[in-house]
Amino acid sequence: MGVDKVLNVQNFLLLSVYLAAQNPVSHYWHRMTDRTFAGIYHANAFDLAMMIPYFIVLLILALYGLHRYWLVYDYFMYSKNIPPAPPPVTKWPRVTIQLPIFNERYVIERLVEAISRFDYPPELLDVQVLDDSTDETQQVASGCVERHAAQGMPIVYIHRTNREGYKAGALENGLKTAKGEFVAIFDADFLPEPDFLRRTIPYFMNPDGSEKIGMVQTRWTYLNSDYSLLTNVETILLDGHFVVEHGARSRRGTFFNFNGTAGVWRRKAIDEAGGWEHDTLTEDTDLSYRSQLKGWKFLYLPQIECASELPVDMNGFKAQQARWAKGLMQTAIKILPKVLRSDAPWHVKAEAFFHLTANISYPLMVLLSTMLLPVMIVRFQQGWFQMLLIDLPLFLASTCSISSFYLVAQRELRPKTWWRTFLYLPFVMATGIGISVRNAQAVMEAIVGKKSEFARTPKFMIEGKLGTFAKKSYRNKAGWMPYAEVLLGLYFCLTVVYAIINENFATVPFLLLFVWGYLYTGCMSLGQTYFARLRFGVNAPEMRPATSGAPGF
């Protein structure tokens, strides 16, 4: 009996070892940790040609990822550095309200109606509708102005026929006849609350140093964040910018930018900085940096909100993001040398560098995309240990920082429901990957000095889940770019297949982000060109009221 027991135990152990060897998890772990052939592999010229650019790109992306962590750190570290409540105003100043529009027939009347409800002494207001339109918006806007002027509203209609300088040119032209000591600017798709000026102007009037405040920026909110998956993603992206980026920079005392709308300028700050210039596509950021270099201080007031309408079509969204990406790079080329030569503190210069050059990540992302498959083959031959030790930390630094960045913003805005953002994070990251091709083209155009028109973002007066843009004008054309995005998506499908065949399962979730990102943006661009109702509608995490935020990654 003793011998039989020993044999049974031996058989049981042998069976256990065999089953463990056949277990997929054990097999996978063995492949990851097996060092049998360590030291046999030697890199050749092709491998080095792949690996050197790969690691350079990955290091740069990781550096910008670490900067996002630094912004989150500054946001909390300097949380007490917020503007104090201003004193009561005894004498209200004159304010000019500028409403720059171009072919905005669907939303201009809504905007003028919102301005007409402002709770501010009408004798201290002058409202300018700065219209560069080339379609029937001219008749809609001029008729709207006439009606409100007849009711006593101090409003004028100013139309240009040449559109020189685009939005910057319209604003500069309006200043020629502006009477206000302060200038409030609202794009056509915004809906400021009646007390907007009564809440913002007092911050300029504090006798203790407020004479050097040149601009105050308020936080955007969104009328249609629950319209589709795309608008939910846009909400998270913009909230990250307005909560963490603006919050961290303003609290730390570094330079930050006016967002082109929903803000108020001191007229003197505009004039001393040299006025509006139109040699970049982000005239707001350009003027912001020139003004702050002149010593003017900016305030960010997140507690004051201004509702706006998000782009609902993929082509419009990509055009907007590309304009911001190109404009910021143009501003970097124009302004960064002045910032670096200035006597600003080193942390201000460093933050300006990361802020203005952040969009260089888009061409690097496209380059990384095309290199991933050959690099995966090379790294597979080198062994798993090196990938876990080297590649994984760099990927975490460059990608996970995005998640933390936007999660912090959502937690600050919605402390009770912020966890629902986890459901949207894969789509946020995938969309950022998907628009990288279009944005990379825009950034490279800025670097080589290629000029382009100011591509406006069409708005269709869509609030909540209601409304459609199926039969409305102004939709951006898809062009050839969506075909390139679809091809990249198919390329990454092959990469996923290769990873699975070679049991490289750890990379599959990351690769699927590329698959979804490129196929989603490409197919939506093509689909909405022919089927405008296509929107992949989803239920929003929560309803975002109209009265309750350019970018990017």
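Please refer to the structure placed before this passage.
About the criteria used
Residues numbered from 1 in each chain as written. Predicted model: local features only at pLDDT ≥ 70, side-chain atom pairs only at ≥ 80, totals over all residues. Heavy atoms only, no water. Helix = DSSP H or I, 4+ residues; strand = E, 2+ residues; numbered from the N terminus. Buried < 20%, exposed > 50% of the residue type's maximum accessible area, 1.4 Å probe, protein only. Areas by Shrake-Rupley, 256 points an atom, 1.4 Å probe, with all protein chains shown as cover. Axes fitted to C-alpha atoms, helices over the stretch in contact; angles between N-to-C directions. Parallel < 35°, antiparallel > 145°, perpendicular 65-115°, else oblique. Left-handed = near helix turned anticlockwise from the far one by under 90°. Contact = heavy atoms within 4.5 Å. Nonpolar A, V, L, I, M, F, W, Y, C, P; charged D, E, K, R; others polar. Phe/Tyr/Trp six-rings, centres within 6.5 Å; stacked < 30°, edge-to-face > 60°. Lys NZ or Arg CZ within 6 Å of the ring centre and 35° of its normal. Core = buried A, V, L, I, M, F, W, Y, C linked by side-chain atoms within 4.5 Å. Salt bridge = Lys/Arg side-chain N within 4 Å of Asp/Glu carboxyl O. Pairing = 2+ DSSP bridges. Right-handed = clockwise from strand over helix to strand, strands pointing away.

Section: the overall build of the protein
Part 1 of the argument: Check the secondary structure of the protein and you find 18 helices and 7 strands.
Part 2 of the argument: Taking all 553 residues of the protein together, the buried fraction comes to 57%.
Part 3 of the argument: Accessible surface, the protein: about 24,300 Å² in total, of which carbon and sulfur atoms supply 64%.

Considering the packing of helix 11 (residues 314–341) against helix 16 (residues 436–448)
When two helices pack together, their arrangement is given by the angle between the helix axes and the distance between those axes.
Part 1 of the argument: In the contact formed by helix 11 and helix 16, the axes pass within 8 Å of each other and the chain directions differ by 30°. One way to sum up the angle between helix 11 and helix 16 is to call them roughly parallel. Crossing handedness for the pair helix 11 and helix 16: right-handed. Where helix 11 abuts helix 16, its residues Lys318, Gln321, Ala322, Ala325, Lys326, Met329, Gln330 and Ile333 lie against Arg438, Asn439, Ala442, Val443, Glu445, Ala446 and Ile447.
Part 2 of the argument: By residue class, the composition of the contact of helix 11 with helix 16 is 8 nonpolar, 3 polar and 4 charged.

Topic: unusual backbone geometry
Part 1 of the argument: Even without a glycine there, the phi angle at Arg163 is positive, about 55°.
Part 2 of the argument: Along the chain, Arg163 turns up in the loop between strand 3 (155–159) and helix 6 (166–175).
Part 3 of the argument: You can call Arg163 buried: its relative accessible area is 16%.
Part 4 of the argument: Backbone geometry at Tyr166 places phi at a positive 55°, although glycine is not the residue there.
Part 5 of the argument: In this fold, Tyr166 is placed in helix 6.
Part 6 of the argument: A residue is classified by how much of its surface remains accessible, and Tyr166, at 23% relative accessible area, is partly exposed.

Comments concerning the packing of aromatic side chains
Part 1 of the argument: Applying the stated criterion to the full structure yields 26 aromatic pairs.
Part 2 of the argument: In this structure, Arg163 is placed above the aromatic ring of Phe102, and the distance from its NZ or CZ to the ring centre is 3.6 Å.
Part 3 of the argument: For the cation-ring pair, Lys212 lies above Trp296, with the distance from its terminal atom to the ring centre recorded as 4.2 Å.

A short note on the nonpolar core
Part 1 of the argument: Ranked by size, the top nonpolar core spans 67 residues in total, and within it Ile97, Phe186, Leu197, Trp265 and Trp276 carry the most contacts.
Part 2 of the argument: When residues in this core are grouped by element, the largest group, 6 residues, is from strand 7 (residues 297–308).
Part 3 of the argument: Look past the residues within four positions of Leu197 in its chain and what remains in contact with it is Trp92, Val95, Ile97, Phe118, Tyr120, Leu125, Ala184, Pro202 and Val264.
Part 4 of the argument: Counting residues in hydrophobic clusters, the runner-up holds 57 residues, among them Phe55, Leu71, Met371 and Met429.

Digging into the pattern of salt bridges
Part 1 of the argument: Under the counting rule described, the total for this entry stands at 21 salt bridges.
Part 2 of the argument: For Glu136, the salt bridge goes to Arg105, with nearest N and O atoms at 1.6 Å. Taken together, the residues Glu136 in the loop between strand 2 (125–131) and helix 5 (137–150) and Arg105 in the loop between strand 1 (95–101) and helix 4 (108–116) connect sequence positions 31 residues apart.
Part 3 of the argument: In this structure Glu136 comes out as partly exposed when scored by relative accessible area, which is 35%.
Part 4 of the argument: Linking Glu277 and Lys334 is a salt bridge whose minimum nitrogen-to-oxygen distance equals 2.5 Å. Within this pair, whereas Glu277 is found in the loop between helix 9 (267–272) and helix 10 (283–293), its partner Lys334 is found in helix 11, the two being separated by 57 residues in sequence.
Part 5 of the argument: Here the salt bridges share partners, and the residues they tie into one network are Glu277, Asp279, Asp286, Arg290 and Lys334.

Considerations on the packing of helix 11 against helix 12 (residues 346–357)
Part 1 of the argument: Axis separation between helix 11 and helix 12 bottoms out at 9 Å; the angle between their running directions is 165°. With respect to helix 12, the element helix 11 is oriented roughly antiparallel. As for how helix 11 packs across helix 12, the hand of that crossing is left-handed. In contact with Leu328, Met329, Thr331, Ala332, Leu336, Val339 and Leu340 of helix 11, helix 12 contributes Lys349, Ala352, Phe353, His355, Leu356 and Thr357.
Part 2 of the argument: Of the residues contributing to the contact of helix 11 with helix 12, the split by class is 9 nonpolar, 3 polar and 1 charged.

Regarding the pairing of strand 1
Part 1 of the argument: Strand 1 sits mainly inside the fold: 7 of its 7 residues count as buried.
Part 2 of the argument: Residue alternation in strand 1 divides its side chains into two sets, Val95, Ile97, Leu99 and Ile101 and Thr96, Gln98 and Pro100, and both sets are buried.
Part 3 of the argument: For strand 1 and strand 2, the ladder comprises 7 bridges, and the chain directions are parallel. By the bridge assignment for strand 2, Leu99 is matched with Val129.
Part 4 of the argument: Following the chain from strand 1 across helix 4 to the adjacent parallel strand 2, one finds a crossover that is right-handed.
Part 5 of the argument: Note: strand 1 against strand 4 (residues 182–185), 4 bridges, orientation parallel. Bridging across to strand 4, Ile97 finds its partner in Ala184.

Everything listed here is a matter of geometry and, on its own, says nothing about what the molecule does.
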